[in-house]
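Residues per chain, in single letters:
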Amino acid sequence: MTDTDSEIWKYRIVRCQVTEHVGDLGVAASIVSPPSAVPAFINSRFLGDGAKVPVGEFPKVGSVLDAVVLTYHESGEFRLSAQESSLERARTRAEVRPSA
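Residue positions within a chain follow its written sequence, with the count starting from 1. Local features in this predicted model are restricted to residues of pLDDT 70 or higher, and side-chain atom pairs are both shown and tallied only at a pLDDT of 80 or more, whereas totals for entire chains, interfaces and linings draw on every residue. Each side-chain value is derived from all of the structure's non-hydrogen atoms; neither hydrogens nor water enter the calculation.

**Considering the pairing of strand S4 (residues 64–73)**
And then number 1: Where strand S1 (residues 13–22) and S4 come together, five bridges link them in antiparallel fashion. Within S4, the residue paired with Cys16 across the bridge is Leu65.
And then number 2: For S4 and strand S5 (residues 77–81), the ladder comprises five bridges, and the chain directions are antiparallel. Paired with Thr71 across the two strands is Arg79, which belongs to S5.
And then number 3: Taking the residues that link successive antiparallel strands as the turn, the S4-S5 hairpin has three residues, and the phi of Gly76 there is positive, at about 95 degrees. Two strands pair under a simple rule: DSSP has to find at least two bridges between them. Per the convention used, a helix needs a DSSP run of H or I reaching at least four residues, while a strand needs a run of E reaching at least two, with both numbered from the N terminus.

**Remarks on the sheet that holds strand S3 (residues 35–43)**
And then number 1: In spatial order, the strands read S1-S2-S3-S5-S4; together these five strands close into a barrel with mixed pairing. Strand-to-strand twist of the sheet, defined as the mean angle between neighbouring strand axes without regard to direction, takes the value 50 degrees.
And then number 2: As paired elements, strand S2 (residues 26–33) and S3 share six bridges and run antiparallel to each other. Among the inter-strand pairings, Ala28 is bridged to a residue of S3, identified as Phe41. Lines fitted to the C-alpha atoms define the axes, with helices restricted to the stretch that makes contact. Angles between their N-to-C directions range from 0 to 180 degrees.

Spelled out as structure tokens, the structure:
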């Protein structure tokens, strides 16, 4: 993915599906809408507002979540946030973005 491609996705709200729990670090996910073949990861700190979400409270594998693309990581995956505060900021940003 080029830098230009990753910038198109930055702060975009996506729908993702949890594919795996990655130890106590967070969850792996696939972006289902808009579709993307780029894998995604949500750190446990970004699964909910407040403190780090404990493993027992991770969303179940197969769960579908709304999230915001934060960045494209050098490991080849999108880093997402499912925090409601992140989603609200992204919605606000989309509302005030000037039209082309």
